[in-house]
Amino acid sequence: MTAAGPPSVGTPTAAEPSSVGTPTDAASPGADAARTGGPADSSGLRRLAVTTLDANWEHDHTVPSRTLYPHQWSWDSAFIAIGLAHVRPERAWRELASLFRAQWADGRVPHIVFNPALRVGAYFPGPEMWRSADVPGAPAVATSGLVQPPVHALAALLAYRRAPDPAGLAALRRLYPALVAQQRYLAERRDVAGDGLVCVVHPWESGLDNSPAWDEPMAAVPAEAAVMSAYRRHDTAHADAAHRPTDLDYARYLAIVAAYRDHRYADRDLAADHPFLVECPLFNAAFGAAEHALAEIAALVGGDPGPHRARAAQITEALVRRLYDPDTGTFQPRDLRTDRLVSARTVLGLAPLILPDLPTRQVDALVVEARSARFGVAPRMARPLPTYDRTAPDFEPLRYWRGPSWLNIGWLIRRGLLTHGHPELAAGLRRSMVGLVAGAGCHEYFHPDTGAGLGSPAFSWTAALLLDLLDD
Ligand code: 9WN
């Protein structure tokens, strides 16, 4: 693949390199596709996606990657359910049901549900670091104590719409109270500033772990890279260390986990001494989109959509009031420890496009930002959508969320563009995303210039969202 852009489906790229220094997963259909230049037609791509999801299925859930992430992750399961609904609807519901079985009594949906059958050390930090069993209200299975963006109500709604049968409706009816409890937890326990927005207490909660958006708040977290010599990182045994967060990042991640865990994951008094408190535009956009989805689910299962619509409107209003920066024309995270918006322009700022009630002024500004040289969204994209401003001096095309292109982000932004009447931009983004997988396989992330595959070569949400894009 060349800098001129990823090919569209049907344009084989046999001669191009597609994997940059990454090892392969045990089951790596994505890597096979990459070696042969990628499946050239949509039925080949669909087969690749289904094979990837099947290989990653684990009794009642799908692992994001057999090697890097062998347990169940929260927002991964939501994206995966959206794709499974196209090919294995029964599994889509099992995926969401297994995740919500691990919901805590306070309503939080943990960001990792650990598979007890795996050996100690299969992932770091594992259950021994989180110690969820010590906390009243945690489920019987070991979990982390953090959350991730609440994209699950949207996933459940889309899964039902894809396969609207009685079994799906029954599953939706069972899930509805758990989805409501998830929102209640976020609204009541995580509104640290009292402004109607959710505060994330760890970069892992954002899902974009080492985004430049977190550099400013993370700089204030006391930690030293040297502490990592006491631990064995699992990720760098399976992926190139140059493509992953640094040891200093990990030292800070662990310090924040320890602070939260030592307060038994209690959310009261966070403002007093928790080291990382940030309002994230993507997380809060997902929080608002969940209320929109819940309104539709309520109507389907005999509930009252009214309160969901009212909460959705309040969240959109709070997002605009607190996180929109008129000077830059985009949304920025707010660091609650300084009460300042962070300055890095990341793709997180475009996420409020998924809100159907985002005011026209902000929609128009975000479309300008998306089309700018920073993100390059266009009817014919010259390069994949990056996760960070590609004109920034510290743009890193290989390092995880500091530049590379990810399908879940493109999928969300595309959805927002469709919602707000920009079908030609949405089509450009779709073609670019499908082209990435056609060129490199179901990789975890992609080089934002060349489209080369990075991270896990058999990554579940890439496969799942590809299925959704192909059927759209
Ligand atoms: C920490 C599973 C998860 C994703 C996150 C992604 C990565 C974990 C890690 O993998 O995070 O939660 O070990 O790096 O950043 O978005 O949910 O795929």
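First things first, this report covers the structure right here in the doc.

The rules behind each value
- Every chain is numbered on its own, with residues counted from 1 as its sequence reads.
- Totals for whole chains, interfaces and linings use all residues, but because this is a predicted model, local features are given only for residues with pLDDT of at least 70 and pairs of side-chain atoms are given and counted only at 80 or more.
- The side-chain values count all of the structure's non-hydrogen atoms but skip hydrogen atoms and water molecules.
- Only the six-membered ring of Trp is used, alongside the rings of Phe and Tyr, when aromatic pairs are assigned; centres must lie within 6.5 Å, and planes under 30 degrees apart are stacked while those over 60 apart are edge-to-face, with the rest tilted.
- Strands are runs of DSSP state E lasting at least two residues, helices are runs of H or I lasting at least four, and both sets are numbered from the N terminus onward.
- Only protein chains enter the area calculation, which uses a 1.4 Å probe; residues under 20% of their type maximum are buried, those over 50% are exposed, and those in between are partly exposed.
- Only when the NZ atom of a Lys or the CZ atom of an Arg is both within 6 Å of the ring centre and within 35 degrees of the ring normal do we say a charge sits over the ring.
- Here, strands pair whenever DSSP counts at least two bridges between them.
- Basic side-chain nitrogens of Lys or Arg form a salt bridge, by our definition, when they fall within 4 Å of a carboxyl oxygen of Asp or Glu.
- Polar contact criterion, stated in full: a pair of N or O atoms within 3.5 Å, where within protein one must be able to donate a hydrogen and the other to accept it, and residues adjacent in sequence count only if both atoms are side-chain atoms.
- Pairs of residues are marked as contacts when any of their non-hydrogen atoms sit within 4.5 Å.
- Helices are assigned an expected span. That span is 1.5 Å times one less than the residue count.
- The nearness test applies per residue and asks whether one of its heavy atoms lies within 4 Å of the molecule or strand.
- In this analysis an axis means a line fitted to C-alpha atoms, helices contributing only their contacting stretch, and an angle means the value between N-to-C directions, from 0 to 180 degrees.
- Should an angle fall under 35 degrees it is called roughly parallel, over 145 degrees roughly antiparallel, and 65 to 115 degrees roughly perpendicular, with every other angle called oblique.
- With the far helix as reference, a near helix turned anticlockwise by less than a right angle produces a left-handed crossing, and one turned clockwise produces a right-handed crossing.
- Each residue is assigned to one class: nonpolar for Ala, Val, Leu, Ile, Met, Phe, Trp, Tyr, Cys and Pro, charged for Asp, Glu, Lys and Arg, and polar for all the others, Gly among them.

1. Considering the packing of aromatic side chains
Alright, step 1. In total, this model carries 24 aromatic pairs according to the counting rule given.
Alright, step 2. Geometrically, the ring pair formed by Tyr 250 and Tyr 253 is edge-to-face, given 5.2 Å between the ring centres and 70 degrees between the ring planes. With Tyr 250 and Tyr 253 both in helix H11 (residues 247–262) and 3 residues apart, the pair spans about one turn of that helix.
Alright, step 3. Where Trp 406 meets Trp 461, the ring centres are 5.8 Å apart and the plane angle is 50 degrees; that geometry is what we call tilted. Separated by 55 residues along the polypeptide, Trp 406 in the loop between helix H15 (360–371) and helix H16 (407–419) and Trp 461 in helix H18 (residues 460–471) bring together distant segments of the chain. Considered together, Trp 406 and Trp 461 belong to a single accessibility category, that of buried residues.
Alright, step 4. Three or more aromatic residues joined by ring pairs form one cluster here, namely Tyr 69, Trp 73, Trp 75, Phe 79, Tyr 123, Tyr 400, Trp 401, Trp 406, Trp 411, Tyr 445, Phe 459 and Trp 461.
Alright, step 5. It is Arg 233 that lies over the ring of Tyr 250; its NZ or CZ is 3.9 Å from the centre.
Alright, step 6. When the ring centre of Tyr 400 is taken as origin, the NZ or CZ atom of Arg 244, which lies over that ring, is 4.4 Å away.

2. Overview of the sheet that holds strand S8 (residues 334–335)
Alright, step 1. As summarised here, the arrangement of the 3 strands in space is S5-S8-S9, forming an open sheet in which the pairing is antiparallel. Two strands bound the open sheet, and with one partner strand each, they are strand S5 (278–279) and strand S9 (340–341).
Alright, step 2. In this structure, S5 lies alongside S8, joined through 2 bridges in antiparallel fashion. Following the sheet pairing, Glu 279 is matched in S8 by Arg 334.

3. Observations regarding unusual backbone geometry
Alright, step 1. Of the consecutive residues Phe 124 and Pro 125, the connecting peptide bond is found in the cis state with omega at 0 degrees.
Alright, step 2. One can find Pro 125 in the loop between strand S4 (112–113) and helix H5 (127–130).
Alright, step 3. Residue Arg 264 is not a glycine yet carries a positive backbone phi of 55 degrees.
Alright, step 4. Topologically, Arg 264 is positioned in the loop between H11 and helix H12 (270–273).
Alright, step 5. The class for Arg 264 is partly exposed, based on a relative accessible area of 47%.

4. A closer look at the pattern of salt bridges
Alright, step 1. As enumerated under the stated definition, the model contains 29 salt bridges in all.
Alright, step 2. The partner of Arg 46 in a salt bridge is Asp 471, and the shortest N-O contact between them spans 2.7 Å. Here the residue Arg 46 occupies a position in helix H2 (residues 42–56), and Asp 471 occupies one in helix H18, the gap between them amounting to 425 residues.
Alright, step 3. Since its relative accessible area comes to 33%, Asp 471 is described here as partly exposed.
Alright, step 4. Put simply, Arg 66 and Glu 58 hold a salt bridge, and the shortest N to O gap is 2.8 Å.
Alright, step 5. You can call Glu 58 partly exposed: its relative accessible area is 23%.
Alright, step 6. What emerges from the salt-bridge pattern is a single network uniting Asp 106, Arg 108, Arg 190, Glu 205 and Asp 267.

5. Considering the side chain of Asn 56
Alright, step 1. Examined against the element boundaries, Asn 56 turns out to sit in helix H2.
Alright, step 2. Polar contacts involving the side chain of Asn 56 include one to the main-chain carbonyl oxygen of Ala 458, which spans 2.9 Å.
Alright, step 3. Those residues in contact with Asn 56 that lie beyond four places of it in its chain are His 61, Thr 62, Val 63, Pro 64, Ser 65, Arg 66, Ala 458, Phe 459 and Ser 460.

6. Remarks on helix H13 (residues 281–301)
Alright, step 1. Along its 21 residues, H13 runs 30 Å from first to last C-alpha, staying within 8% of the 30 Å computed at 1.5 Å per residue.
Alright, step 2. Among the 21 residues of H13, 17 are classified as buried, and the element is accordingly described as predominantly covered.
Alright, step 3. Positive backbone phi, at 85 degrees, marks Gly 302, one or two positions downstream of H13.

7. Points about the site of the ligand
Alright, step 1. Taken together, 17 residues lie around the ligand, and Asp 76, Tyr 123, Gly 207, Asp 209 and Tyr 400 are the ones closest in.
Alright, step 2. The contact in question runs from an oxygen atom of the ligand to an N or O atom on the side chain of Asp 209, over 2.8 Å.
Alright, step 3. A distance of 2.9 Å separates an oxygen atom of the ligand from a polar atom in the side chain of Arg 244.

8. Examining H18
Alright, step 1. Helix length check: H18 (12 residues) gives 17 Å between terminal C-alpha atoms against 16 Å at 1.5 Å per residue, within 8%.
Alright, step 2. Counting buried residues along H18, 11 of its 12 residues qualify, which places the element largely inside the surrounding structure.
Alright, step 3. Those residues of H18 that sit buried are Ser 460, Trp 461, Thr 462, Ala 463, Ala 464, Leu 465, Leu 466, Leu 467, Asp 468, Leu 469 and Leu 470.
Alright, step 4. Buried residues in H18 make contact with H2, strand S2 (61–62), helix H3 (74–87), H16, helix H17 (423–440) and strand S10 (445–446).

9. Re the environment of His 59
Alright, step 1. Secondary-structure assignment places His 59 in the loop between strand S1 (57–58) and S2.
Alright, step 2. Sequence separation of His 59 and Leu 465 is 406 residues, and the distance between their C-alpha atoms is 21 Å.
Alright, step 3. If sequence neighbours within four positions are ignored, His 59 has contacts with Arg 94 and Asn 115.
Alright, step 4. For His 59, the side chain forms a polar contact with the side chain of Glu 58, separated by 3.5 Å.
Alright, step 5. A polar side-chain atom of His 59 sits 3.4 Å from a polar atom in the side chain of Asp 60.

10. Details of the packing of helix H6 (residues 152–162) against H13
Alright, step 1. Running from N to C, H6 and H13 cross one another at 45 degrees; their axes reach a closest spacing of 8 Å. In terms of orientation, H6 and H13 fall into the oblique class. For the crossing formed where H6 meets H13, the hand is left-handed. Contact residues: Ala 153, Leu 154, Ala 156, Leu 157, Tyr 160 and Arg 161 in H6; Ala 290, Ala 293, Leu 294, Glu 296, Ile 297 and Leu 300 in H13.
Alright, step 2. Residue classes in the contact of H6 with H13 are distributed as 10 nonpolar, no polar and 2 charged.

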